[in-house]
Amino acid sequence: MLPESFVYSQTSLQDFADCPALFDLRWRRRIKYPAAESEPLELVEAHMERGALFHQMIHQHTIGVPESVIAESIDDDELAVWWANYLASGLRGVPDKRYAELTLSVPIANRRMVAKIDLLAFEPGREWVILDWKTSLRRPTRANLMARLQTTVYRYALVEAGAALNGGAAIDPAQVKMIYWFANFPDQPEIFTYNAEDHAAAGRMLTHMIADIEQRGDGEFPLTDDVRRCAYCAYRGLHERGTKAGAFDAQELTDEATEMFPDFTLDQIAEVAF
Amino acid sequence: MKFKPRPKQAEVLRYTGGKMVVMAVPGSGKTRTLSALAAKLIKSGAVRADQEVLIVTLVNSAVDNFTRQVRERLEEARLIPTLGYRVRTLHSLCSDIVRERPSLVGLANDFTIVDERESDGILEEAAVAWLKANPHAADEFLSSELDDQRRDQVLREDWGETVIDVARAFVRQAKDEQLTPEQLHEKLDRRGRGLHLAEMGAIYTNYQRSLTYRGAVDFQDLIRLALTALERDERYLARLREHFPFVLEDEAQDSSLLQEAILRLLVGEKGNWVRMGDPNQAIYETFTTARPENLIRFRDSKGVKHSDLPNSGRSAPKIIDVANQLIGWTRGAHPNPVMRDRQPLTPPLIEPTPKGDPQPNPPDSDAHVYFAPNAMPPAEEVQTVIQSLRRWLPEHPDRTAAVLVPSNRFGFRVVDALKSAKLPTVELLRSTTSTREAAGAMGNILQYLSKPTDANLLSRVYKVWRRDDRDDEAAASRMELVAAALRKCVHVEEYIWNTIGRDWLDESPEIAALEENDPYIKGHLEVFRVMVRRWHEAVILPIDQLILILAGDLFAAEADLAIAHSIAVLLRQREELHPDWRLPQYTEELAAIARNERRFLGVSDADLGFDPDAHKGKVTVATMHAAKGLEWDRVYLMSVNLYDFPSALPGEQYMSEKWFIRDRLNLEAEALAQIRALKGNTDYHEGAATENARLDYAAERLRLLYVGITRARRDLIVTTNTGRNGRVPPSAAFQELRGYVEGQT
Amino acid sequence: MELTDSQRRIVDSARDHTLFLTGDAGTGKTTAAVARILSLIEQGVPSGEILVLLPHAALALPYQRALRSAALPPGAQVDILTFGSLVLQTVKLFWGLAAKPAGFQADAPPNFLTLETAQYVMSTIVDPLIETRGYFDGVTISRNRLYAQIVDNLEKAALSGFPHTEIAERMKNAILTDSSGAHAFEQAQECAILFRDACRANNLLDFSLQVEVFTRHLWTLPEVRAYWTQRGAQLIVDNIEEGTPAMHRTLASWLPSVKSAVLIMDSEAGFRRFLSASPETAGALRDRCDEVIEFEQSLVMSPPVEALGDELARSLGEYAPEPSADPREALEYGLRRFYPQMLNWVADEITLLVKDQGVPPGEIVILAPYMSDAIRFTLMQRLQGEGIPVRSHRPSRSLREEPAARALLTLGALAHPEWGMQPAPFDIAYMLMQAIGSAGAGRTMDLIRAQLLAENAYPAETKSRLAPFETLKPEIQERITYLLAPRYEELRKWIEAYIVEREQAPAPTPTTKKKGRKKKNALEESPAPIAGVRLDHFFSRLFGEVLSQRGYGFHGDFDASTAAGSLVESAGNFRRAFEQTPLIPAGKTAAEEFVRMVDRGLLADQYARAWTLNDQTDAVLIAPAYTFLIRNQPVTAQFWLDLGSRGWFERLFQPLTHPYILSAIWENTRTWTDDDEQEARHDTLFHLVIGLVRRCRQRIYFGVSELGENGSANTGELLQAFGRMIARLTPPEAANEV
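Counting from 1, residues in each chain are numbered in the order their sequence is written. Labels follow written order: the first chain is A, the first ligand is 1, and so on. With the structure being a predicted model, the display of local features is reserved for residues of pLDDT at least 70 and the display and counting of side-chain atom pairs for 80 or more, all residues being used for whole-chain, interface and lining totals. Processing note: side-chain calculations cover all non-hydrogen atoms of the structure and skip hydrogens and water entirely.

Student: How should the overall build of chain B be read in this particular structure?
Tutor: Helix and strand definitions follow DSSP, with helices as H or I runs of at least four residues and strands as E runs of at least two, each counted in order from the N terminus. Looking only at helices and strands, chain B features 31 helices and 14 strands. We compute the radius of gyration from the C-alpha atoms alone; for a globule the expected value is 2.2 Å times N to the 0.38, where N is the number of residues. The C-alpha radius of gyration of chain B comes to 28 Å, within 12% of the 27 Å expected for a compact globule of 745 residues. A principal-axis box enclosing the C-alpha atoms of chain B has dimensions of 90 × 70 × 65 Å. Contacts in chain B between residues at least 24 apart in sequence constitute 78% of all its contacts with a sequence separation of at least 6. Each accessible area is a Shrake-Rupley result for a 1.4 Å probe, and residues are judged covered by the shown protein chains and nothing else. Carbon and sulfur atoms make up 49% of the accessible area of chain B, which totals about 30700 Å². Looking at charge distribution, chain B has the averaged site of its 99 positive side-chain charges lying 4 Å from that of its 110 negative ones. In this analysis, two residues are considered to be in contact whenever any of their non-hydrogen atoms come within 4.5 Å of each other. Under the counting rule used here, the positive set is Lys and Arg, the negative set is Asp and Glu, and His together with the chain ends is not counted. For the purpose of locating charges, the reference atoms are NZ of Lys, CZ of Arg, CG of Asp and CD of Glu.

Below you can see the structure in the form of structure tokens.
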């Protein structure tokens, strides 16, 4: 059973889409299984840290920390390149009202679903742009991005939450677009527009998917048939699908900012043994 | 049970306040009188609902006794039987005082108290380190008469042990004198060289640092720190005074200076303090600051009331006579004039109970006093006693008997001999109890688990599991047969963790043979196998969980389960002190509890309160020390020779005076003298302490003999032996009393 | 849910108004606050402007439930933050603005220390002083405690708002001690200052530095204020009595710029004083609010429970009104001789409650001031044996106690012979049992075969290398079985290969420490992957490639894999914190230091299973009394164990720290006397008892055993008060029957 307080996100939904068994272990049963997910770990870690830092720098930039101060914290070349790319083209043509690191939370199928948006840039009544920063080494294809639940979940959540962001008025789906911006390919962003029909379809799809998950019981979360994925999955040993982790540089996308590092809502101070 | 006080006891019970000393003879009803007094004070309303009478006594078993008796008195009075009083030993009182305000003395509230075994271990480490750092320390002390070969041998075999003994006494004394390692060093530095033994202070420093590092204190620290806490916060002291309006002290003759100081503080100048004791039973003074004279001095000081309890209904008059004769002889005719002056034994003399007393003395007509005519070699002495018991025991199934010996070591020999003579024996050398049995049972299993490939150990585990079978002849013989079969299971894994097609139960000829008479044997051993497997899997769990799992399988009685729970908690604490411990160390720990080397705080009642009357028709073996407070119908006192009961005259041998030390110095005594000289800034004269220690020892041994004699109700049999070298004469007291008894008949 | 009139007032109060809401536990304050949040959103307040701020995470549950319910309208997520996470987020986001003025390097990122990693830093300062200069001879305390207390003192200074250089002076002025005690205070002060210096030099921030950077250098900046004023325009702060002076000061300056705020205070609480909770400074916020509302009526306690609470209060010498109901209806007690008997009584009563009376297990809690593992284990076994779900809150447990973590550490030592940590044969055997599995006969490594293998394949001569299976005597090989052999071999070869690979890899180039360090481009960098030891990576690989595979012990053993996960996280945190710092002694690696710290019990499995407690709600809870209190969730039935324990009234005494003397309200000229101690103790006991009663709906069961857990009799004040109460409530004849 999913915990009472469970909230869906694009990550968990993507896991379910990729492999129901993965969803079961990671989200339903919350099993820690600390196998390496891709190799070499040294590079993966450095890349992840850099990606997280990059997201944070943009966050700082958005809330008014001076550019010079931000720049001072850069201590590696690749990050410097990304930052320069971002300043040059990351925000090209987007409206100047902005929220960074905005988490939207919408009810769906008797549950809630959240979307943690890197940057929302908007001009009420005209345009609502979701920006997502990607730092992966390879640039995924448009088809791949289209198929990712992130694209669906973010646009859907924005329209659903619209009234609360837009002074009580709904957001017209046609005014929404989502931009994936690639730090390593600054001039090749991928842009997805949206409309009412898409929104209705997304709602149906997500509702159906969540309802499907909710009605499943133990043993009803089968393994994916796509065995290639398993190299990148920590649970591969459990399912006898390989020993070595997959190669990092062959991977298309990594979730550098989301849910990689434990969030510090837990108290730093351990309960003293009373 | 109703308590009807004798006139002298009633006099004590009339006490309402102030300071009072009660000198009580053996068997005069100290516990009953003092607990009746406590109950009376509570009933009279002299103690408010938020106050308590404090009763301080010497040992844990006495705590239990007092608690029971006060409770009975209060129940009779229809009062809540648990409120209004607190019974403590000095250690537990100090523990209370410190635990209440640990930060006053630099402690956290979960500080650990290391017991004697643990502290000995730490001390040994410190001593060994010191020996390494001071390879030539022995030069100063070894006898110049030793040739090189003997000298090397001593250095190899004896010197280390001696240093540890000296250090142990040293640390204890330093703490009793409230001297920290730093202060000691400071004083030594100021004094310059010359006090070589005091230089062992380095061991003290190291020892104390090891304790500190563990967040631990030892028993001496506890007392020292309690005193510090009381002195440091006057508001705290005032609160405790308020809380304990009356302090009743038992066995006051054994109070050390520190104990007296603590109680004096708690009582305050105008407080209420009853000190009950018997200076003649002071037998715990060696290397402590306790002196029976202290109580006598207190009795004679200003404003202190005084009362005696001279009547004792315990012994037959002729035994009382012997005890009184010992007192008189010591004061008037002891061969050593210095001893006569010291008065190791003092009045009051024992008086039989007055007519009409509910507890009259056993009649002389049914009593015997016998002193063996001559000294025998030790083995013969033991056989003589056994012969006597072999005749007496079957004829007196409802009477009690004890053999009392001067030392544990001798006691073990007696026990072995009694057992091989198949006489029903109870061992009180260091008590035998359910705690020991429970610990022993679990220790056996841990030992097996630390060597799971060993069939002999597995076989023993089986016997532990089936230990109740011992009481039934048929079951016992099956148990032995199965155990024998298990010993032959060389590849234990083929039984416990059998693989498909390979099961010792099916393949063993021994099992096949057993099965002919016992068709259920395989099923029985499968049950055993399942249980052992569970234990195997539990070895990787934390030790407390392992113990609880074992206990669940082994014990049904609530008391045993409670002991197991306490042991689990205890071992868990050990684990925190010793993260590197594995099963062998825990096994050893359980073995130590089973051997009773550990003073296992807690699990009180199962362990304490030895009741001789529960062992009728059997013989109890105990040291004279351990027999204090107990009584038997027939008592044998053994080994009353000049070595165990010296007169402090020239030519006698003393345990503490080692043959390899120059001038036969008693190094422990000399070390303590050096500490005292440092503390008091006085001169130190080598040899004086050795001499004085002899006198102290001889005096204490006389009191020990007195205690031994006064354990007997009807029969007293005293024997002596010629010692290990075959040349030790009977003690002077023995000769005197033998003469006295012969003169009477 | 139906709201009371007073709750309605909170919900309906204006959106430009600040409220101070106070009342006892169980009067519906939090419920009112939750309802207000819903109402705000329904009225069109942007949900991104609503912020719930709490002193600590355990209080979040009711808010989480409400905010994660599907009934809440869509919008930006309403954030729930603890004060600690607010501080941390601020420091992270605005680091660049504070680093230089606060004495750090602005060109390197901040490195946040956990309680454990902070203790490691402290150990690098304290240990040499103890060893070379005999520091801390005057206090009896274990090393781990020593580190923890000095770290704690720094936190107290930061949270209470006095200079950290004033700690020793305060302690010396107040505590009755001698010169060696005073020395210890001075030495602790010196170490605290050195610790600060070391942190500044390495951009390390323990919690105290986070708070100081936040309060002194960031909260004063307009950018920071603007950011939080926007995120927390509508502020809800609950349980402010558990908050610290630093939090209260932050609130005081925040309030003027919010649109609305509700500050909620439990009037008889403040349980976390030892963590600098300050009900006094919380209460002072009352005057800064537009309106004060008091809740009086308990919505939790039945009248008999309320009467029982009054009886207990009376027994503790407090004033209480005459009861209007019969307290005996809310009272059960079991008096047993031995502790395990009392535990059995508890289990029996709970079984009756659940099976016969249909009380949901989640509505039952078992409480004691201290909960030993032995109690926990016994009760869990008993209840689970009855089929009753049970959960237990374990504060944290040392990593070295987890068999799975120990097995990994043994493997780590085997794979790094250069550390010279030769594992004991016992550890090898247990590692083999854990690694190759221990469930089911014949198919996995049992204790006997593990021991045989350890004895034969790991003799002293091999110097911590495992021998190949084929080199064992044939008889031994056969006994261990050829079924297990390949698995042993695979594990052994993996480690051998790892060792060989590292021996052949070029020596790691020494990393330039601190300043001027520039990471190279990731793709060009490609260091020899295994050259420098990254222990967390080592564990991850070993786990993924061998131990989690079929035939190995971690395969499908989720308790073991979770413990392994904690170890990996802990090793990673440790490495990332210290790898680049000069705190790691020369010639050692962070990996070795980590293993050493685990061995010393300094590192605990902090995060493990923290979530299970929040999620699995319908289970009997076994918890220390304070843990239950600060979770703030009422239940139907409570079981109180160990009434005689001192833990009910005693604060944690630590020789080098003091919750009152190192607090905001202490006058630095006074002496802490026994009267203060008594008063504090009485307050503690009274508040604890009343706090528990107010969180009980129906009945309290008192479990009393004559002999306590360690076998000796306890007679603490609660037991005495309980005895007085029973004597009053039951006539003597009835009492005799018990």
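Now, onward.
Student: When you look at the arrangement of the chains in this model, what are you seeing that I'm missing?
Tutor: The interface with the most contacts, out of 2 pairs of chains in contact, is the one formed by chains A and C. As for chain B relative to chain A, no contact occurs, and the smallest C-alpha gap between them is 11 Å.

Student: I'm lost on the pattern of salt bridges in this one. Help?
Tutor: Side chains that carry opposite charge are capable of pairing whenever their charged atoms lie near each other. Salt bridge, as applied in this entry: a Lys or Arg side-chain nitrogen positioned within 4 Å of an Asp or Glu carboxyl oxygen. Applying the stated criterion to the full structure yields 121 salt bridges over all chains. For C:Glu569, the salt bridge identified is with A:Lys32, shortest N-O distance 3.5 Å. Here C:Glu569 is found in helix α24 (residues 558–578), whereas its partner A:Lys32 is found in the loop between α2 (20–28) and β2 (38–39) on a different chain. Among the charged side chains, a salt-bridge network with shared partners connects B:Glu100, B:Arg101, B:Asp233, B:Arg239, C:Arg646, C:Glu650, C:Asp674, C:Glu677 and C:Arg681.

Student: Would you mind showing me how to read the interface of chain B and chain C here?
Tutor: The parts lose accessible area when they come together, and the size of an interface is often stated as this lost area. Contacts between chain B and chain C engage 70 residues on the former and 75 residues on the latter. Computed with a 1.4 Å rolling probe, the buried area is the accessible surface lost when two parts are put together, summed over both parts. Interface area for chain B against chain C, summed over the two sides, is near 6200 Å², with a carbon-plus-sulfur share of 54%. Counting across the chain B and chain C interface gives 11 salt bridges. Linking B:Arg209 and C:Asp137 is a salt bridge whose minimum nitrogen-to-oxygen distance equals 2.8 Å. The term polar contact refers here to a pair of N or O atoms within 3.5 Å; inside protein, the definition further demands a hydrogen-donor-capable atom paired with an acceptor-capable atom, and it admits residues adjacent in sequence only when both atoms are side-chain atoms. Applying the counting criterion to the chain B and chain C interface returns 16 residue pairs in polar contact (both at pLDDT 80 or more). Class assignment for the residues of the side of chain B that touches chain C results in 31 nonpolar, 16 polar and 23 charged. Amino acid classes used here: Ala, Val, Leu, Ile, Met, Phe, Trp, Tyr, Cys and Pro are nonpolar; Asp, Glu, Lys and Arg are charged; the rest, including Gly, are polar.

Student: What's the story with helix α5 (residues 77–90) of chain A in this structure? I'm lost.
Tutor: Residue and element names in this part refer to chain A. Given a rise of 1.5 Å per residue, 14 residues ought to cover 20 Å, and the 18 Å separating the end C-alpha atoms of α5 matches this to within 8%. Buried residues are those whose accessible area, probed at 1.4 Å on protein chains only, stays under 20% of the maximum for their type, while exposed residues exceed 50% and partly exposed ones sit between those limits. All buried positions along α5 are accounted for by Glu78, Leu79, Trp82, Trp83, Asn85, Tyr86, Ser89 and Gly90. All buried residues of α5 fall inside an arc of 165° around its axis, so they share one side. Its side-chain oxygen placed 2.9 Å from the backbone nitrogen of Glu78, Asp76 serves as the N-cap of α5. To estimate how far a helix should reach, multiply one less than its number of residues by 1.5 Å. This arc corresponds to the set of directions leading from the helix axis out to the C-beta atoms.

Student: For this particular structure, what's the right way to read helix α7 (residues 143–160) of chain C?
Tutor: Each turn of an α-helix holds 3.6 residues, which means side chains three or four residues apart point in the same direction. Residues and elements named next belong to chain C. Its 18 residues place the ends of α7 26 Å apart at the C-alpha level, agreeing with the 26 Å of an ideal helix rising 1.5 Å per residue. For α7, the tally of buried residues reaches 15 of 18 residues, placing the bulk of the element in the interior. Backbone geometry just after α7 places Gly161 at a positive phi near 85°.

Student: How should the pairing of strand β11 (residues 364–368) of chain C be read in this particular structure?
Tutor: Note on strand geometry: in a regular strand, side chains alternate between the two faces of the sheet. Residue and element names in this part refer to chain C. Most of β11 sits out of view: 5 of its 5 residues are buried. Because side chains alternate across β11, one face comprises the buried residues Ile364, Ile366 and Ala368, and the other comprises Val365 and Leu367, equally buried. Bridge count for β11 against strand β14 (residues 635–641) is 4 bridges, and the pairing is parallel. Opposite Val365, over in β14, you have Gln638 as the bridge partner. Note on pairing: two strands pair once DSSP finds at least 2 bridges between them. Pairing of β11 with strand β13 (residues 620–624), which is carried by 4 bridges, proceeds in the parallel orientation. In the strand pairing of β13, Ile366 is matched with Ile622.

Student: Is there a simple way to explain the nonpolar core in this structure?
Tutor: Nonpolar side chains tend to gather and get buried jointly when the protein is soluble and globular. B:Phe528, C:Phe136 and C:Phe594 are the most contacted members of the largest nonpolar core, which totals 256 residues. Ranked by the residues each element gives to this core, the list is headed by α24(C), at 10 residues. Once you skip the residues sitting within four places of it in the chain, B:Phe528 turns out to touch B:Leu458, B:Val461, B:Tyr462, B:Trp465, B:Leu486 and B:Tyr495. Only buried Ala, Val, Leu, Ile, Met, Phe, Trp, Tyr and Cys residues count toward a nonpolar core, and they belong to the same one when joined by side-chain atoms within 4.5 Å.

Student: What is the right way to read the interface of chain C and chain A from this model?
Tutor: Each side of the interface is counted separately: chain C has 85 residues, and chain A has 70 residues. Each partner contributes to the roughly 7200 Å² buried at the junction of chain C and chain A, and carbon and sulfur atoms together form 59% of this total. Two residues, C:Glu545 and A:Lys244, come together in a salt bridge whose shortest N-O distance is 3.3 Å. Remark: the boundary between chain C and chain A carries 24 residue pairs in polar contact (both at pLDDT 80 or more). Residue contributions to the side of chain C that touches chain A peak at 10 residues, all from α24(C). The class makeup of the residues in the side of chain C that touches chain A is 39 nonpolar, 24 polar and 22 charged.

Student: Honestly, the confidence of the model for chain C in this entry has me stumped. Any pointers?
Tutor: A low pLDDT means the predicted coordinates there should not be read in detail. Known as pLDDT, the predictor's confidence for each residue is given on a scale from 0 to 100. In this model, chain C carries a mean pLDDT of 86, and residues with pLDDT of at least 70 account for 91%. Here residues 607–614 of chain C scores under 50 on pLDDT; set against residues more than four positions off or in separate chains, the count is 16 contacts.

Student: Would you mind showing me how to read the packing of helix α7 (residues 159–176) of chain B against helix α9 (residues 201–213) of chain B here?
Tutor: Working note: a packed helix pair is described by the angle between its axes plus the distance between those axes. Residue and element names in this part refer to chain B. Only the contacting stretch of a helix is used when fitting its axis, a line to C-alpha atoms as for every element, and angles between N-to-C directions run 0 to 180 degrees. Relative to each other, α7 and α9 sit at 70°, their axes nearing to 10 Å. Taken together, α7 and α9 sit at an angle that is classed as roughly perpendicular. Touching Val163, Ala167, Phe170, Val171, Ala174 and Lys175 of α7 are Gly201, Ile203, Tyr204, Tyr207, Gln208 and Leu211, all from α9. When the residues that make up the contact of α7 with α9 are grouped by side-chain class, the tally is 9 nonpolar, 2 polar and 1 charged. For classification, angles of less than 35 degrees are called roughly parallel, those exceeding 145 degrees roughly antiparallel, those between 65 and 115 degrees roughly perpendicular, and all remaining angles oblique.

Student: Before we go on, may I ask you to explain the domain arrangement of chain C in this structure?
Tutor: All names here are of chain C. Looking at the assigned domains, one finds that chain C contains domain 1 (5–91 + 221–295), domain 2 (110–206), domain 3 (303–394 + 612–737) and domain 4 (400–504 + 528–599). Each domain's extent was defined by an automatic or database domain assignment. Domain 2 and domain 4 are separated by 36 Å when their C-alpha centres are compared. In this assembly, 10 residues from domain 2 lie in contact with 12 residues from domain 4. When domain 2 packs against domain 4, close to 850 Å² is buried across both sides, 68% of that on carbon and sulfur atoms. Looking at the side of domain 2 facing domain 4, the largest losses of area belong to Thr117, Tyr120 and Asn202, adding up to 58% of the total buried there. At the junction of domain 2 and domain 4, the tally comes to 0 salt bridges. Summed over the shared surface of domain 2 and domain 4, the result is 3 residue pairs in polar contact (both at pLDDT 80 or more). With 6 residues, the top contributor of residues to the side of domain 2 that touches domain 4 is helix α6 (residues 115–133).

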